[in-house]
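Architecture at a glance
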Amino acid sequence: MRTKPGMKRRGTRLWSSSVVVGLLLSATACGGGAADDGKVELSYRIWDKNQMPAMQRIIEKFQATHPKVHITIQLTANQEYWTKLQADATGGSAPDVFWMNGPHAQLYAANGMLLPLSDSITSGRVKPANYPEALTRIYSYQGTQYGIPKDFDTVGLWYNKKLFDAAKLAYPDDTWTWQNVADAARKLTDPSKGEYGILAPPFNQENYYDTIFQAGGQVISPDGKSSGYDQPATLSGLRFWTDLMKAGVSPSLKSMTDTYPTQLFESGKIGMYYGGSWNAIEFAKNDVTKNDVDVTVLPKGAKRAVVIHGLANVVYAKTKHPKEATQFAEFLGSKDAADIQAQTGAVIPAFTGTQEAWITSMPQFHLRAFTDQLAYAVPFPGSKNTDAWQSKEAAIFGPAWSGTKDITAAAQEMATAMNAALREEQ
Amino acid sequence: MPDGTTVAGRPARRLGTAATHLVLAAGAVVMVGPFVWQFLTSLKTFSETTHVPLTFLPSEWQWSNYSQVFDVLPFRQMFLTTVLMTAGRTIAQLVFCSLAAYAFARLRFRGNNLLFGLFLSVLMVPGQLFLIPQYLIVQDLGWVNTLAGLIVPGMFSAFGTFLLRQFFLALPRDVEEAARLDGANPLQIFFRIALPLARPGLLALTILTVLWSWNDLMYPLVVSTDPAAMPLSAGLATLQGEHMTDYSLLMAGSIMATVPMIVAFVVLQRHFIQGIAHTGSKS
Amino acid sequence: MVTPMTIGLMIFYLWPVAQTFFYSFTKSGPFGGHTWIGTANYRALLDEPSVGQAVANTLLYTIIQLAGIPLAVLLAALLNQRGLRGRSVYRTLYFLPVVTMPVAVAMLWRWMYNGDYGLVNQLLSVIGVQGAHWASDPSVALYALAAIGIWMALGYNMVIFLAGLQGIPATYYEAAAIDGAGPARTFFRITVPLLSPSIFFATVLTVINSLQMFDLAYMMMSTPGSAAGTANPALPRVRTISYLFYQKAFVEHDLGFGAAVAFVLLAFILVMTILQFRLQRRWVHYA
């Protein structure tokens with residue numbers, strides 16, 4: 001930003017600074033800045049308040065072995081995280097280490113905002129084999145690794161046991177197929193009681209990305225250059241959901257807008273919900289869901305698949321302390337750090353073998369369903385500017401979910417829009 | 001007053017008064033009912049809010065919803081931020097606007113018309129036109145997520161200057177003339193004579209600035225991203241973003257954010273109403 | 001004496017307008033850097049359907065807001081009757097939404113408008129009317145939003161009109177009473193014309209504010225930012241110019257396009273305001 005005539009820009013800055021100095025009685029402007037006595041100040045930005053205590057403990061552990069390094073956590077609201085990070089990265093003031101997610105990974109990597117972590121891998125300090133392969137792949141761009149996986153989430157079929165009992169239906173299990181879902185949804189639906197068999201919102205990670213992969217379709221071509229939305233298999237993955245909407249076995253899109261799907265599920269009147277591993281902690285607290293619901297693996301389509309997404313810790317390319325920041329990122333990806341995360345139950349740590357603590361943290365749910373699916377997990381699709389096309393999905397698919405537009409036409413429209421966005425990236 | 005000019009007029013008038021009260025009371029229910037519902041919802045459990053048919057009164061009054069707001073939002077900090085931001089902007093506006101307004105109303109200086117024209121043009125331009133550069137300036141100064149970033153651009157107001165100028169123009173000149181003949185300089189006249197006389201105008205500006213500052217959303221949304229540095233308006237927006245449609249919690253949070261202004265209004269309502277009315281008659 | 005204010009306005013208001021004007025001819029990269037692209041943003045405005053829709057939404061919203069003005073005049077006239085008891089109580093109650101934070105108001109109404117659990121539909125069902133999903137149905141959401149807007153501004157306009165009414169000399173009413181004019185005739189022949197300067201002021205203000213509508217729409221339409229990101233199906237029919245500006249400039253980081261949208265807004269405000277000042281000669285009576 002701001003490559004206006006340099007003179008003027010500096011002028012503005014000086015001007016306003018002096019005005020402010022003159023006007024403000026107390027110095028409210030931020031201070032900070034590092035002392036140069038060998039001490040290294042690092043900043044670490046995250047967005048989830050619930051994970052703050054775990055992150056703090058990890059930091060303490062790291063500082064114990066690196067006494068010269070001092071790390072401060074910056075917590076930014078989830079909604080504003082990317083806005084602020086992008087602004088800070090633009091201004092050269094992004095934090096030294098921060099959380100990265102799938103949709104933004106390539107954007108930051110491609111624009112030179114992230115420090116390559118190749119050395120960590122070649123030196124053996126970080127072993128890719130320690131993390132789910134599909135997850136590691138999200139943070140690799142043109143053959144270079146930019147992030148160390150932190151945690152992951154997959155999707156499972158949550159179901160309300162009480163409603164299944166009342167309808168005298170067997171609980172879903174790993175033998176289920178799409179057909180079983182449709183049949184059970186029909187039997188569980190009773191609009192007069194406000195009960196619906198399933199929630200079928202147009203959510204990508206929880207709903208149609210999974211079924212697209214299960215149908216053998218794709219969202220984006222492997223080379224990242226073209227959309228998969230015009231493929232027949234992809235269409236059938238989408239149609240699975242619009243058919244459920246059409247059959248009236250799900251609350252309407254409007255209802256799911258007025259009241260968020262997880263909360264409809266928590267009201268105890270919904271039979272099934274394709275929900276994330278991240279829902280477990282909330283469902284364990286809710287009065288209805290803590291006793292009445294359980295979870296299993298996603299039903300099979302043409303094949304088995306589930307979308308895996310997860311965060312990674314990345315290092316800012318312009319950090320003043322690349323060595324220490326990389327060491328910290330490596331530690332965040334270590335087994336020690338993963339063990340600390342697992343205890344909180346908030347997320348599934350990415351480090352293989354540390355998930356057991358998470359699975360047993362809520363014994364009332366069959367959480368193993370989420371890790372059992374790793375064998376066939378597919379990475380959350382992304383490109384260099386994922387937002388550019390992903391942000392169009394909701395608006396284009398919405399009418400198909402409401403029944404005012406045919407899904408074939410919507411998918412075609414999405415393919416066109418996405419291909420246009422992908423061309424812009426090149 | 002033509003009170004009860006005819007004997008037959010009395011019952012008719014009484015009927016008219018009753019009808020007036022009926023209309024006004026019905027209107028009052030529409031105006032206040034939502035707040036009552038907000039309060040009742042804030043005391044329900046989540047499952048009660050999604051129960052059909054709706055129950056009007058909570059079965060058990062969940063005051064814990066209010067304490068939960070403290071868990072999910074750094075409410076104390078947000079409250080303090082809002083108070084400081086509002087106070088900072090208001091005090092600064094009172095000082096700067098009144099100085100400039102008096103100068104425009106009374107003093108002749110080179111380029112005063114041109115300058116006043118520029119001020120007026122700012123008045124016509126919507127805030128969206130300032131926002132991008134304001135944000136970039138704030139970011140350049142490292143003021144994102146600071147109180148300074150929230151306050152400083154809001155310290156200046158073309159509207160406030162214009163409003164107060166109208167008040168100063170309406171003041172009688174003779175007292176000021178007398179003071180000038182006694183050898184007082186313009187600043188002395190301003191502080192000792194004009195300012196005290198313009199008190200209703202200052203009050204109107206105070207009320208409008210406080211209201212605007214407390215309730216404004218877009219600017220704080222842009223320059224504060226860390227919940228700990230947000231004022232209440234942006235904080236509430238975040239609350240809705242993260243707690244989706246957990247309405248009992250949202251209602252509790254929104255009540256906590258708005259009650260201070262409502263209490264201030266009820267206590268100082270005469271001033272509020274006069275302040276608003278003044279802007280209508282002076283502009 | 002004017003120096004501090006002049007400097008402040010220059011830095012934070014006047015110069016920014018020029019900067020915004022400059023940005024509207026540029027394209028910004030995801031991590032900074034402006035490229036001069038001439039009028040491409042303005043040409044894109046014409047091509048992008050969301051812009052035309054946002055303009056239409058904003059104008060419709062503004063027109064509906066104007067309906068709140070006669071309502072406020074009527075209420076003020078009722079309140080201004082001589083010897084009316086409880087006047088200040090009514091005034092306080094009607095004014096309450098004015099001092100309430102719009103963010104909170106939007107949250108409250110979004111809850112009232114909930115299609116399945118909302119109070120509005122519950123009350124409608126009592127009289128046998130099937131309600132809608134007011135905040136998510138594309139065909140009604142803008143009207144539902146406009147109703148909140150009127151509800152919020154009613155007390156403000158009413159107070160302006162009350163002040164105006166109190167400035168009308170009682171002799172006019174006495175004369176009308178002697179002429180045997182009924183309440184309706186008095187209202188249209190005396191109250192409205194003598195109140196016309198206040199009505200004009202309120203109209204200008206309402207139009208300017210309505211054209212800039214953001215908070216209510218933003219809060220009504222925002223959907224939780226799950227990784228998936230979903231959108232309210234009513235968003236395209238509710239998104240105002242100001243909302244579009246925020247979205248383009250600060251969510252999608254397209255500062256140049258956002259700047260161009262801001263100028264569209266300015267154009268509408270200028271045109272509408274000039275139009276009103278032109279028209280005022282026909283109906284506003286200055287005593």
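Reading the values: the criteria
Residues numbered from 1 in each chain as written. Chains lettered and ligands numbered in written order. Predicted model: local features only at pLDDT ≥ 70, side-chain atom pairs only at ≥ 80, totals over all residues. Helix = DSSP H or I, 4+ residues; strand = E, 2+ residues; numbered from the N terminus. Rg over C-alpha atoms; globule rule 2.2 N^0.38 Å. Buried ≥ 20, exposed ≤ 12 C-beta atoms within 10 Å, placed from the backbone. Contact = placed C-beta atoms within 7 Å. Nonpolar A, V, L, I, M, F, W, Y, C, P; charged D, E, K, R; others polar. Expected span 1.5 Å × (residues − 1). Core = buried A, V, L, I, M, F, W, Y, C linked by C-beta atoms within 7 Å. pLDDT = per-residue confidence, 0-100. Arc of directions from axis to C-beta. Pairing = 2+ DSSP bridges. Axes fitted to C-alpha atoms, helices over the stretch in contact; angles between N-to-C directions.

Looking now at the overall build of chain B. When helices and strands are counted, chain B shows 15 helices and zero strands. Its C-alpha atoms give chain B a radius of gyration of 25 Å, clearly above 19 Å, the size a compact globule of 283 residues would have. Across its three principal axes, chain B shows a C-alpha extent of roughly 75 × 75 × 30 Å. The proportion of buried residues among the 283 residues of chain B is 49%.

Now for the interface of chain C and chain B. Listed per partner, the contact involves 72 residues of chain C and 73 residues of chain B. The leading source of residues in the side of chain C that touches chain B is helix α1 (residues 3-23) of chain C, at 13 residues. Partitioning the side of chain C that touches chain B into residue classes produces 53 nonpolar, 15 polar and four charged.

Taking 1.5 Å per residue, 13 residues should reach 18 Å; helix α8 (residues 158-170) of chain B reaches 19 Å between its end C-alpha atoms and fits that length. Those residues of α8 of chain B that sit buried are A158, G160, T161, F162, L163, L164, R165, F167 and F168 of chain B.

To continue, consider the nonpolar core. Residues and elements named next belong to chain C. By size, the foremost hydrophobic cluster in this structure holds 292 residues, and its most contacted members are L145 and A217. With 15 residues, helix α8 (residues 141-166) is the largest single contributor of residues to this core. For L145, the residues in contact, after removing those within four places along its chain, are Y61, L216, A217, M220 and V238.

To continue, consider unusual backbone geometry. Glycine aside, residues mostly have negative phi, and peptide bonds are mostly found in the trans state. All names here are of chain A. One non-glycine residue with positive phi stands out, namely Q142, at about 45 degrees. Among the residues examined, Q142 registers 8 C-beta atoms within 10 Å and is labelled exposed. Phi is positive for K168, which is not a glycine, with a value near 55 degrees. Here K168 lies in the loop between α7 (161-166) and α8 (178-188).

Let us now look at the confidence of the model for chain A. The predicted structure's coordinates, where accompanied by low pLDDT, should not be read in detail. Residue and element names in this part refer to chain A. In the predicted model, chain A carries a mean pLDDT of 88, and 91% of its residues have values of at least 70. Across chain A, the secondary-structure element scoring lowest on mean pLDDT is helix α1 (residues 6-23), at 34, and the one scoring highest is strand β8 (residues 155-160), at 98. Confidence drops under pLDDT 50 across residues 1-35; counting only partners more than four residues distant or on other chains, this segment forms 38 contacts.

Residues and elements named next belong to chain A. In this structure, A377 sits in strand β15 (residues 377-379). Under the C-beta neighbour-count criterion, A377 is labelled buried, with 24 such atoms within 10 Å. Separated by 131 residues in sequence, A377 and K246 place their C-alpha atoms 29 Å apart. The contact partners of A377, leaving out residues within four places of it in the chain, are P132, A134, T154, V306 and I308.

This next bit is on helix α2 (residues 52-65) of chain A. Residues and elements named next belong to chain A. When the terminal C-alpha atoms of α2 are compared, their 21 Å separation across 14 residues agrees well with the 20 Å that a helix rising 1.5 Å per residue should span. For α2, the set of buried residues is A54, M55, I58, I59 and F62. For α2, the arc enclosing every buried residue in end-on projection is 140 degrees, short of the 170-degree limit, so these residues lie on one face. For α2, the exposed residues lying more than 90 degrees away from the buried face are P53, E60 and A64. Looking at the buried residues of α2, the elements they touch are β1 (40-46), β2 (69-75), α15 (322-332) and α16 (335-344).

Residue and element names in this part refer to chain A. Pairing in this open sheet of five strands is mixed, and the strands run β2-β1-β3-β13-β6 from one edge to the other. In the strand order of this sheet, the two ends are held by β2 and β6 (147-149), each with one partner. The average angle at which neighbouring strand axes cross in this sheet is 25 degrees, direction not considered. In this fold α2 packs onto β1 and β2, with an angle of close to 170 degrees to the strand it touches most, β2.

Our next topic: the confidence of the model for chain B. Scored by pLDDT, chain B has a mean of 86; 93% of the residues are at 70 or more. Overall fold confidence for the complex sits at a pTM of 0.87, while the interface term, ipTM, reaches 0.90.

Next up on the list: the sheet that holds strand β10 (residues 270-276) of chain A. All names here are of chain A. Reading across from one edge, β9-β10-β8-β11 is the order of the four strands in this open sheet, with mixed pairing throughout. Every other strand in the sheet has two partners, leaving β9 (196-199) and β11 (293-296) as the edge strands with one partner each. In this sheet, neighbouring strand axes are inclined to one another by 20 degrees on average, regardless of whether the strands run parallel or antiparallel. One ladder, built from four bridges, connects β8 with β11; its direction is antiparallel. Looking across to β11, one finds that W158 is bridged to V295. Its contacts with the sheet place helix α9 (residues 204-214) against β8 and β10, and it is angled at close to 90 degrees to β10.

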